[in-house]
Amino acid sequence: MNTLRWLIPFLAITLFINAPNCAAQTARAKPAPDTARVDREYALESTMLGYFAPNGARNPTLKANKGDRVRITVTNGETMTHDIVLEKLGIKSKTLQEKGSKTSITFKADKNDTYFCSVPGHRAAGMVGNVEIVEGVISNETIAGQLPMKNGQPVNLGFETGSLTDWTATGDAFTSPLVSQDPSPVHEKDMIIGFEGKHFLSSGGTANYKLTGTLTSVPFTVTQPFAAFKVSGGALQDTRVELVQVGTNKVIYTVTGQGRATLQPVVVDLQPYQRQEIFIRIIDNETGISQIPYIPNDKWAHINFDDFRFYPTRPNFPNELKREDIIILPPLDPVLNAGLSGVEAAKAMTLPKGFTITLAAAEPDVVRPICFTTDARGRLWVVEGHTYPVPAPEGQGRDRILIFEDTNGDGTLDKRKVFMEGLNLVSGMEVGMGGVWLGAAPYLLFIPADFRNDKPLGPPQKLLDGWGTDDTHETLNSLRWGPDGWLYGTHGVFTHSNVGKPGVPASERTKLNAGVWRYHPSTKQFELFAEGTSNPWGLDFNDYGHAFITACVIPHMYHMIQGGRYQRQAGNHFNPYTYDDIKTHADHRHWVGERGPHAGNFRSALAGGGHAHAGAMIYLGNSWPQEYRNDIFMNNINGAKLNQDHPVREGSGYTVTHKPDFLAMNDSWSQWLNMKYDASGSVWAIDWYDKNQCHSSNPDVHNKTMGRIFKITHENDKWVQVDLTKASDKELVNYQLHPNEWYVRQARTILQERGPNKKVHKALKEMLAKNPDATRKLRALWALHVTQGLTEKELTALLSDESEYVRSWAIQLLAEDKTVSPETLKRLVELAQNDRSALVRLYLTSAMQRIDPAQRWDVLDALVQKVENKDDHNLPLMLWYAAEPLAAIDMKRALALAQKSKMPKHLPYTIQRVAAIGTDEAKKLLRELNERVGKLEHSHQNHEIQMVLAKALNE
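This is a predicted model, so every value here is computed, not measured. (Residues numbered from 1 in each chain as written. Predicted model: local features only at pLDDT ≥ 70, side-chain atom pairs only at ≥ 80, totals over all residues. Heavy atoms only, no water.)

J.: Help me get a handle on the overall build of the protein, residues and values and all.
T.: Summing up its helical and strand segments, the protein has 17 helices and 52 strands in all. The C-alpha radius of gyration of the protein comes to 32 Å, within 12% of the 30 Å expected for a compact globule of 955 residues. Seen through its principal axes, the protein has C-alpha atoms that stretch 100 × 75 × 55 Å. For the protein, the proportion of its 955 residues judged to be buried stands at 60%. Across the protein, the fraction of contacts at a sequence separation of at least 24, relative to all contacts at a separation of at least 6, is 66%. Surface exposure of the protein reaches about 37,800 Å², of which carbon and sulfur atoms provide 50%. Separation between the mean location of the 104 positive side-chain charges and that of the 107 negative ones in the protein comes to 3 Å. (Helix = DSSP H or I, 4+ residues; strand = E, 2+ residues; numbered from the N terminus. Rg over C-alpha atoms; globule rule 2.2 N^0.38 Å. Buried < 20%, exposed > 50% of the residue type's maximum accessible area, 1.4 Å probe, protein only. Contact = heavy atoms within 4.5 Å. Areas by Shrake-Rupley, 256 points an atom, 1.4 Å probe, with all protein chains shown as cover. Lys, Arg positive; Asp, Glu negative; His and termini not counted. Charge placed at Lys NZ, Arg CZ, Asp CG, Glu CD.)

Here's what the structure looks like:
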């Protein structure tokens, strides 16, 4: 299932500043003793939130006198990859991966420098700080503050009285809030609070975090221009300290903790409020109670406070907590229900006006529905995933395929039969082309079927093997017929596959671990269509045959382009010369905050619900209002919502925006895995109903007895009974004009199975030639292609069609067999030179990746010089992927092409690629290029090229 890796801790931990002259150890692959003295030692602990100190300082400035020998030791604070690098000195530590592992760097302090984490994205996320060279004694002393006074007595704002004198409490969080020990008895043992004096105040620590309440001080007069107090605890909207103006009740300052235990001072400028009365309000309205059984309660749902004082001038604290360093999360989303019956679950959901939802089937009639599809008779084929999450020994699988039917249109699946049992770890299914197609790692299976009697015609056939089972919720899934007649599917990043026909050697196999793949049912070809993303568990095509997937953890939405390489959650692209990849096509995300996708779970209702997605349906039915057509729907697992995103054409592809969420399940156990529309325009959804939303390899974590199927209907929907298998060829051709895409796809697959037919071809060619609608032309084109009704000459003629969509698809189909004739190549060059459509240029770039590199030069020469391509979301990188292999066949010509290119990274990447060849000839060409660039007029661009060349030549 498309669910997630949650339990990465996001709480940052400590940096220790020790006394000088300590023994040191430098960071090397094999650390060796370092007997040289250390004048100043820092020990940082790192997380994605930054490098932290025990006094709470985030990315602290590390000070040293010039000439000091400094050692920085880093302890990894989480199970993620981190290191530390000094930018100017170029010193890099070894890479840390396990929580608690350590590394260090030692250097002579000579000039100011920057330290950062070199793991891609980590510096941008905030893992960066400064090393500062200072003169004189390095001291952390600050000026003394004064307690506010009231009626001639100091106000009890440091709690040194051991009581709550001058404070009023509500709720139960502050019934016994004063603590006098460190470590505190209400916190975990390794949490150092770092308070001064005898007491500090906590609204519950980590022991009593479920308590809530408010503590309010007496009013007092602002007598000095600045104030400071210490705070720690949850970086949560409902755990905070407020300074409030008396009379107006205006909050003049508010701050939270930053998700750490150690108290840190915050400084408040009170100059506008001098001689006015204020009071302090400490609020803890966060219980931290997780609504998900396997997610621990948030023990940071509390606030610690101490020592409010006035200052005559602004005090400077080395560990001052600045509000810009705090990433505050909103309150927990309310989830109204959990563990409902199927009927109650349907009643609890909220939909837009005009829509209704009904329970179509539930346990025990359906249990653990993991994937489904519809057939040409409008029936639902559903896989029950009883084997998940642990593959059974060969022949001992427990999965089965059920066939459901609504015989009277009341929304209830009243007819049910078993098609096959004893299957193993099935994760994807499609029907058509003579049988049932199953993704069941380590196999892609085909079951020949008698669809009249709904019986298998034999045992499952192993078409492909080598599919990995490393992570069994990231196996091959989301099987779906593409418009080109291929069977498409997706695959997750943490499962590693090496796919081929059974028995073939590694040289004939395809490696994949994230992306979209496809398999042709007739030619038996298998290939990777596009690679990257994370754990996609949803794939669909829009009216123009463009593929979209939904993903998890990283940004969620991608327009998948043939040959594209996309942002990855983990790991590297198989081609080491990729250098960069295409990022999300969404202009938004469905989680909140900057603490990573997991931190926003159950707090992201307004943004869509969270980062975990399952299913993808682009609605192309004909009965829902037009505003829904071509929008993509996906289940937000954490948010229990059906998200609705809207793709908008921009440049060569799309920008995807967020529309209001279509449906709220209002049930934390709801786990819809996919949705599909039917012949009436209604939508079916399967629900793997389970209190555990996250994948676990422990089968006992998952519910084994529940499952539901729901049906969403608009008031315009009219139930129909269909059986397209009985339709004539002429009727199937006419279905290509149907406003409901369900008919189009089912009819096309049947035509493909029936094979070439001259009458069919004649009718489709007339439709292609005469229909004014580009989408109808495309349908005719695709149907002609799958029935082998087009010649190369006819496809080449379509390169002149007035529709950019038709021209684009003609390009893709011409390059389908990974070769083009000289005449076709000439026409592609002309298109590259003259076509004004960015979409056409994108398809040309994809096509170039499929043909022999030696044939690509002229097309790429034209495309890389199109200045209008340089800021496109897809084209610069797609052009690089097509051009990269050229360096291996002619380095000099590849460099010349790159120098003409208007693409922003083409020349730097080509320099890197030539340098990687590493021959004497490669070095000679780079030196000659360096000399030429050095003679050019000085510019930022030329300076950048010289830097790349210098690095390449030095390596």
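J.: How would you sum up the sheet that holds strand E36 (residues 477-481)? Please name residues and give values.
T.: Overall, mixed pairing links the five strands, which are arranged E36-E37-E40-E41-E45 in an open sheet. Each edge of the open sheet carries a strand with a single partner, namely E36 and strand E45 (565-568). With strand direction ignored, the average angle separating the axes of adjacent strands in the sheet is 25°. (Pairing = 2+ DSSP bridges. Axes fitted to C-alpha atoms, helices over the stretch in contact; angles between N-to-C directions.)

J.: Describe unusual backbone geometry, listing the residues and the values that go with them.
T.: Across the junction of Glu-363 and Pro-364, the peptide omega takes the value 10°, indicating a cis bond. Its place among the elements puts Pro-364 in the loop between strand E26 (355-362) and strand E27 (369-374). With an omega of 10°, the peptide bond running from Tyr-388 to Pro-389 counts as cis. One can find Pro-389 in the loop between strand E28 (380-384) and strand E29 (399-405). Of note, Asn-59 is a non-glycine position whose phi angle comes to about 50°, a positive value. Overall, Asn-59 belongs to the buried group, its relative accessible area being 13%. In this structure, Asp-166 is a non-glycine residue whose phi angle is positive, near 75°.

J.: Could you give an account of the side chain of His-302, naming the residues involved and the relevant values?
T.: Inspection of the secondary structure assignment puts His-302 in the loop between strand E24 (277-284) and strand E25 (303-311). The class for His-302 is buried, based on a relative accessible area of 0%. Only 3.3 Å separates the side chain of His-302 from the backbone oxygen of Gly-205, close enough to count as a polar contact. Among residues more than four places away in sequence, those in contact with His-302 are His-187, Ser-202, Ser-203, Gly-204, Gly-205, Thr-206, Ser-232, Gly-233, Gly-234, Thr-239 and Asp-284. (Polar contact = N/O pair within 3.5 Å; in protein donor to acceptor, adjacent residues only side chain to side chain.)

J.: Help me get a handle on empty space enclosed by the protein, residues and values and all.
T.: Scanning all chains against the criterion turns up ten cavities of 30 Å³ or more. As for the largest cavity, its lining consists of 17 residues, of which Phe-529, Met-560, Gln-562, Gln-812 and Tyr-843 are closest to the centre. When contributions to the lining of the largest cavity are tallied by element, the ones reaching two or more residues are strand E44 (557-560), helix H8 (804-814) and helix H10 (838-850). A class-by-class count of the residues in the lining of the largest cavity yields ten nonpolar, six polar and one charged. In this structure, the second largest cavity spans a volume of roughly 100 Å³. As for the second largest cavity, its lining consists of 14 residues, of which Cys-371, Phe-372, Ser-478, Leu-479 and Asn-674 are closest to the centre. (1 Å grid on protein atoms, 1.4 Å probe; cavity = no way out; pocket = protein on both sides within 12 Å on 5 of 7 lines; lining within 4 Å. Points joined across faces, edges and corners; volume = space filled by probe spheres on them. Nonpolar A, V, L, I, M, F, W, Y, C, P; charged D, E, K, R; others polar.)

J.: Tell me about the packing of helix H15 (residues 906-917) against helix H16 (residues 920-935), and please be specific about residues and values.
T.: One can describe the packing of H15 onto H16 by two numbers: an axis separation of 8 Å at closest approach and a directional angle of 145°. Between H15, through Leu-907, Ile-911, Val-914, Ala-915 and Ile-917, and H16, the contact on the second element is made entirely by Ala-922, Leu-926 and Leu-929. Tallied by class, the residues present in the contact of H15 with H16 amount to eight nonpolar, no polar and no charged.

J.: Give me the sheet that holds strand E30 (residues 415-423): which residues, what numbers.
T.: Reading across the sheet, the four strands line up as E27-E28-E29-E30 and stay open at both edges, with antiparallel pairing between neighbours. Of all the strands in the sheet, the pair left with one neighbour each is E27 and E30. Direction aside, the axes of adjacent strands within the sheet are offset by 20° on average.

J.: Please provide a residue-by-residue account of the packing of helix H6 (residues 774-786) against H8, values included.
T.: One way to put it is that H6 packs onto H8 with a least axis distance of 9 Å and a crossing angle of 15°. By the angle class used here, H6 and H8 are roughly parallel. For the crossing formed where H6 meets H8, the hand is right-handed. Facing Ala-774, Lys-777, Leu-778, Leu-781, Trp-782 and His-785 of H6, the residues of H8 in contact are Tyr-805, Val-806, Trp-809, Ala-810 and Leu-813. Its residues assigned to classes, the contact of H6 with H8 shows nine nonpolar, one polar and one charged. (Parallel < 35°, antiparallel > 145°, perpendicular 65-115°, else oblique. Left-handed = near helix turned anticlockwise from the far one by under 90°.)

Any functional reading would require information that these geometric values do not contain.
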